[in-house]
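Given next are the chains, with one letter for each unit.
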Amino acid sequence: MNLKKKIQKMPSEPGVYLMKDRQSRVLYIGKAKSLKHRVQSYFQASSDLPPKVNTLMSQVKKVDYLQTDSEIDALLMEARLIRDIQPKYNVNLRDDKTFPLLAVTREDFPRVFITRDRGKSNLIYYGPFTQAGDLRSALKVLQRIFKFRTCRLKISEVQSSNNRACLLYHLNQCAAPCINNINKSDYAEIIRSLHEFLTDRKTVLLKRLERKMNQVSGKQDFESAAFYRDQIISVRSINRTGKLGDFYEGSLAALSPAERLKDLQKLLHLSQPPRKIEGVDISDIKGTEAVGSLVTFVDGEPFKAGYRRYRIKFTPEGYPDDYRRLAEVVKRRYQSSTVPLKRDENDLLPDVLLIDGGMGHLNTAAQVFKLLGIKPPCLAALAKGKLHLKKKQTGLDTDLSRSERDTLYITCPAPGGVGRSSPIRGDMNSSGFKLLQYVRDEAHRFAQKYHHLLRKKRMYL
């Protein structure tokens, strides 16, 4: 069959493609979320391709592919095939020791993390992988399924102390051995499941999980049975839940979430990187159909289950008062925090509360916390500069004067924090500042969406 006709018949599904020469020797292995579109891109006009790719394509006479259930499976299969076959044009991956690997520690409650260091005897390695961003995304998906820990805690030391579980436990993304929530044997099952998944033994994994579910169900341990049931469902449906690239937004994509949060920690003078950020915005038109929004970011990424919207109840219609409306939303969101914390993530105070506005909005939020008798998180207000108007009119966002940039006001009474009454002008190259802009803009988008929905309903009443 003609090569181009064969490519036309490739599926538009995730998988791995193998480019071969006339003797069927594998020259290059790559992964794709759409096999057909990715492979077709190599056969465009040669002038559009880099010189190295042109050299490769001059030798390609055959293209085979292996379809996978998900992008995560494609990522893992690509790493396995490159390691085993070592194609000529993947030589950089084979020789360059800076490519990322997935590592699992050898201890009672192993930690799973990404590293570029090799050869440590106390670690089990998987990989290497070609794209660090894809590996980070895959790790987050896998943690949601298997609930292994990623923290640096020494579990043997913290188990005997009165330790409090981190946010990932409350988000049902970690089994929390740090608070004795799981024993050594059951945690070993988690790591075994992860190993079977990473080594392409999903059939074996599913059979074992089903067997474990039936065993604990027979003992009427229904909580453990539900744990295994949820893993089975997640593994079977990972072709729907295992999409990569959904964790990055705009110019933030080049940096890892951890890097953004470290930069934000420095910007806000915090003692540690913030785990949870919430953003609040108010939307109305001349005081009518006023609404408030609250968005949640966990570990530097949107957490859609934590989004909330509020229809303004207590501020009169037609009376545009952002301060009163902001106070209402902040009070309604955090007044429940005066009661003991529950497992619901929305009963936990954020590390940073960001408000769309200036110093007056910041003071309004601080006053609400004072009236509620709650020690506030780090409070930040981000006021829009002339950048938004100028960018909208000209499409340019460079060579801005200080007055044209967004302005940040903060007061962080948490340990290690510092209050500021003077503004901080936006550094366009700061990933921490851009992360705050992303939170602010996401809160604005969510508020506008609700506001337009209410206006539309009113039109048809």
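Residues numbered from 1 in each chain as written. Predicted model: local features only at pLDDT ≥ 70, side-chain atom pairs only at ≥ 80, totals over all residues. Heavy atoms only, no water.

Focus: the overall build of the chain
Step number 1: Helix and strand counts for the chain come out as 17 helices and 14 strands.
Step number 2: Within the chain, the fraction of its 461 residues that count as buried is 48%.
Step number 3: On the chain, roughly 24000 Å² of surface is accessible, and the fraction owed to carbon and sulfur atoms is 49%. (Helix = DSSP H or I, 4+ residues; strand = E, 2+ residues; numbered from the N terminus. Buried < 20%, exposed > 50% of the residue type's maximum accessible area, 1.4 Å probe, protein only. Areas by Shrake-Rupley, 256 points an atom, 1.4 Å probe, with all protein chains shown as cover.)

Some details on the sheet that holds strand S3 (residues 62-67)
Step number 1: Pairing in this open sheet of three strands is antiparallel, and the strands run S2-S1-S3 from one edge to the other. The strands lining the two open edges of the sheet, one partner per strand, are strand S2 (26-32) and S3. Direction aside, neighbouring strands of the sheet carry axes that sit 20 degrees apart on average.
Step number 2: Direction of pairing for strand S1 (residues 15-20) relative to S3: antiparallel, over a ladder of six bridges. Residue pairing for S3: Tyr-17 is matched across the bridge by Tyr-65.
Step number 3: In this fold helix H4 (residues 71-85) packs onto S1, S2 and S3, with an angle of close to 165 degrees to the strand it touches most, S2. (Pairing = 2+ DSSP bridges. Axes fitted to C-alpha atoms, helices over the stretch in contact; angles between N-to-C directions. Contact = heavy atoms within 4.5 Å.)

What to know about empty space enclosed by the protein
Step number 1: The final tally for this structure, using the stated rule, is one cavity of 30 Å³ or more.
Step number 2: Approximately 40 Å³ is the volume found for the largest cavity.
Step number 3: Going through the elements one at a time, H4 and helix H6 (132-146) are the ones with two or more residues in the lining of the largest cavity.
Step number 4: With four residues, H6 is the single largest residue contributor to the lining of the largest cavity. (1 Å grid on protein atoms, 1.4 Å probe; cavity = no way out; pocket = protein on both sides within 12 Å on 5 of 7 lines; lining within 4 Å. Points joined across faces, edges and corners; volume = space filled by probe spheres on them.)

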